[in-house]
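Coordinates in review
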Amino acid sequence: MFSYRHGFHAGNHADVLKHLVLVQLLRRMTVKDKALLFVDTHAGGGTYALDEGFAARSAEGMTGIARLRGRPPRAPALVEYLAEVARFDDGPAASRYPGSPQLASQLLRGYDRLRLFEAHTTEIEVLREWAGPPGRRVIVTFGDGFSGLRSALPPPSRRALVLIDPSYEDKQDYRRVIETLEDAFRRFATGTYAVWYPQVSRRESARLPERLRTVAPGDWLHASLTVREPAPGARGLHGSGMFVFNPPWQLDVALRPALPELVTLLGQDPAARFGLESRLT
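I will try to describe carefully the structure that is included in this document. This structure is a prediction, so every number in the text was calculated from the model and none was measured.

For strand β6 (residues 160-164), the buried fraction is high: five of the five residues fall into the buried class. Side-chain alternation along β6 places A160, V162 and I164 on one buried face and L161 and L163 on a second face that is also buried. Relative to β6, strand β1 (residues 37-40) runs parallel, the two being bridged by four bridges. When the sheet's bridge partners are listed, V39 is paired in β6 with V162. As defined by bridge partners, β6 adjoins strand β7 (residues 192-199) across four bridges and the pair is classed as parallel. Bridge pairing links V162 to Y193 in β7. Handedness of the β6-helix α8 (residues 172-187)-β7 crossover: right-handed.

With that settled, the discussion passes to helix α6 (residues 123-131). Among the residues of α6, those classed as buried are E123, I124 and L127. Down the axis of α6, the smallest arc covering the buried residues is 95°, so these residues share one side. Looking at the buried side of α6, the elements it contacts are β2 (47-49), α5 (100-107), β4 (113-118) and β5 (138-142). Note on α6: the residue one or two positions beyond its end, G132, has a positive phi of about 80°.

With that settled, the discussion passes to the side chain of K18. Looking at the secondary structure, you find K18 in helix α1 (residues 13-29). Assessed through its relative accessible area of 7%, K18 is described here as buried. Leaving out residues up to four positions away in the same chain, K18 has contacts with H6, S100, D165, W196 and M242.

Conventions we followed
Residues numbered from 1 in each chain as written. Predicted model: local features only at pLDDT ≥ 70, side-chain atom pairs only at ≥ 80, totals over all residues. Heavy atoms only, no water. Buried < 20%, exposed > 50% of the residue type's maximum accessible area, 1.4 Å probe, protein only. Helix = DSSP H or I, 4+ residues; strand = E, 2+ residues; numbered from the N terminus. Pairing = 2+ DSSP bridges. Right-handed = clockwise from strand over helix to strand, strands pointing away. Arc of directions from axis to C-beta. Contact = heavy atoms within 4.5 Å.

Next comes the structure, spelled out in structure tokens:
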């Protein structure tokens, strides 16, 4: 589990889906003039270079952000996502990619707060360098984000967006996601929780969406993107999903035209498809 480095996967199709949804969440939740706490349970390094190190070796960005830059999309939510990526790196080479902490820092206001957890001994140093000197706005914590989330809830403002996005390399992560959500709802039932998960050839991955549908009694929204049919016995990532509990108003409306366009832009074979389902009261 602790060997995982997100730099290998920076800017890939799963990052595109995750950050598309995250940008829409942040844009909608910062409309109200009341402080918001953003929590990332597995924050990574904050930002990534696509032309060196892990990302250059894997070249997974070519399956995601590079395709969108090559064929600019039309759906407003995708245009807004790309604008935030360009806001971080608008140079001609476009060689850097913003992680979730960077996107959150761009969209949050001066009085909002970020609480970031990272358990990798190297990534935590990169994240601390990104965050700069300790201050009130950003708190970086070295440790397990699943258990660390308890210390962040409920926030004083009673408004929070929590991103739960482990690597799932350890199959226990699937169980811990459910347990963490159940505990979070007991502590702070009205928070907004966004859970990213991978589509891989693993039983736990296939079962997770159904388990997530039953973990909380309130509203939820589930967006997924499958870019290819998995080859028999293959271990690679063939898609991903974002499950949002207590989603802000009209998040589904924003994503509805964006997801089919992502299939066109990022799909790798005829099996590429999207899903969008919700329980909204």
